[in-house]
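Observations on the model geometry
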Amino acid sequence: MTATLEVSDGVGTILLDRPPMNALDVATQDRLRELAEEATRRDDVRAVVLYGGEKVFAAGADIKEMQAMDHTAMVVRSKALQDSFTAVARIPKPVVAAVTGYALGGGCELALCADLRIAADNARLGQPEILLGLIPGAGGTQRLARLIGPSRAKDLIFTGRHVKAEEALTIGLVDRVVPAAEVYEQAQAWAAKLAKGPALALRAAKESVDAGLETDIDTGLTIERNWFAGLFATEDRERGMRSFVEEGPGKAKFL
């Protein structure tokens, strides 16, 4: 297997396992889609960690494999490539990327699919496709611009340069920078905390933010309002409010 899903205490870790650099070949792309769909379906998965191991997150696509593809082949493959990453982005549960080492090209695009990115202090991120005469094709031109703004995204995409962890933090490409030995531990801790939260409310929050970013403010407010009202039909809402009234804030247990 080029990637696996390991589940413990409500947290599912999608682990890339294609030594030495976790190059994202066709088989790995398809496997990511399968695992994202599995994580979406499984009730015992309440939060997800994306991880490539201690040394590298993912160094990008398999260039030798891509070199053998002509235009016709890539017309067919490019949709499947985007669909795999979109499946990760649409997991309706909190997702955190634990970024170690290189996260380049498709690796950076995979990290962009997470809700939060925790990076090692020695991490390197970037979209170097321009150096191959290409552009990012797994969502990089879209998710990167939405995350860090169009000007900064164009700088990275136009130049293909690598961004060190501290600059990535400054421009908003990652959310935390920690010692390399602590990346997975902190990602797990973030996911584990949210895995104990109200699953439907977390889903509502994620979908409201993500869908709202794709539309105008009035439509976004309608999405929010519908989710907000809908949550009043859930057991978690009853439990949370009852706990607040009887015990005070922050003490509700949702499992």
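Read on for a plain summary of the structure. (Residues numbered from 1 in each chain as written. Predicted model: local features only at pLDDT ≥ 70, side-chain atom pairs only at ≥ 80, totals over all residues. Heavy atoms only, no water.)

Looking at the overall build of the protein chain
As a reminder, the rule being used: Labels follow the DSSP assignment, with helices taken as runs of H or I lasting at least four residues and strands as runs of E lasting at least two, numbered in each case from the N terminus. It is over C-alpha atoms that the radius of gyration is taken, and the globule rule equals 2.2 Å times the number of residues to the power 0.38. Each residue is placed in one exposure class: buried if its accessible area under a 1.4 Å probe, protein chains only, is under 20% of its type's maximum, exposed if it is over 50%, and partly exposed if it falls in between. Two residues qualify as a contact provided that any one of their heavy atoms is within 4.5 Å of a heavy atom in the partner residue. Calculation of accessible area relied on Shrake-Rupley with a 1.4 Å probe; when residues are assessed, cover is drawn exclusively from the protein chains displayed.
A count of helices and strands for the protein chain gives eleven helices and nine strands. The C-alpha radius of gyration of the protein chain comes to 19 Å, within 12% of the 18 Å expected for a compact globule of 255 residues. Reported as C-alpha extents along the three principal axes, the dimensions of the protein chain are approximately 65 × 40 × 35 Å. Looking at the protein chain as a whole, 44% of its 255 residues are labelled buried. Within the protein chain, counting contacts between residues at least 6 apart in sequence, those at least 24 apart form 69% of the total. Working note: accessible area of the protein chain is about 13300 Å², and carbon and sulfur atoms make up 56% of it.

Focus on a negative patch on the surface
For clarity, the threshold we go by: Each patch is built from residues lacking any salt bridge and having more than 30% relative accessible area; the joining distance is 9 Å for like charges and 5 Å for nonpolar side chains (Val, Leu, Ile, Met, Phe, Trp, Tyr). Each reported salt bridge corresponds to a side-chain nitrogen of Lys or Arg within 4 Å of a carboxyl oxygen of Asp or Glu. Positive charges are assigned to Lys and Arg, negative charges to Asp and Glu, while His and the chain termini are left out of the count. Lys charges are placed at NZ, Arg charges at CZ, Asp charges at CG and Glu charges at CD.
Where like charges cluster on the molecular surface, the negative patch consists of Asp121, Glu166, Glu182 and Glu185. Note that Glu166 resides in helix α7 (residues 165-171).

Let's talk about the nonpolar core
Rules: Buried Ala, Val, Leu, Ile, Met, Phe, Trp, Tyr and Cys residues that are joined via side-chain atoms within 4.5 Å together make up what is termed a nonpolar core.
Of all hydrophobic cores here, the largest spans 44 residues; its most connected members are Leu50, Phe57, Val99, Leu125 and Leu173. Per-element tally for this core: the top contributor is helix α3 (residues 71-89), with five residues. Among all residues touching Val99, those that are not within four sequence positions of it are Phe57, Ala111, Ile118, Ala119, Ala120, Ala123, Leu125 and Val183. Listed in part, the 16 residues of the second largest apolar core include Tyr51, Val96, Ala98 and Ala195.

Here we look at the packing of helix α9 (residues 199-213) against helix α10 (residues 217-230)
Our working definition: Where helices are involved, their axes are fitted lines through C-alpha atoms of the stretch in contact, as for all axes, and angles between N-to-C directions lie from 0 to 180°. Orientation categories follow fixed angle ranges, with anything under 35 degrees roughly parallel, anything over 145 roughly antiparallel, 65 to 115 roughly perpendicular, and all other angles oblique. Residues are grouped as follows: Ala, Val, Leu, Ile, Met, Phe, Trp, Tyr, Cys and Pro are nonpolar; Asp, Glu, Lys and Arg are charged; every other residue, Gly included, is polar.
As a packed pair, α9 and α10 sit with axes 9 Å apart at the nearest point and diverge in direction by 170 degrees. One way to sum up the angle between α9 and α10 is to call them roughly antiparallel. Touching Leu200, Arg203, Ala204, Glu207, Ser208, Ala211 and Gly212 of α9 are Gly220, Ile223, Glu224 and Trp227, all from α10. For the contact of α9 with α10, the per-class residue count stands at five nonpolar, three polar and three charged.

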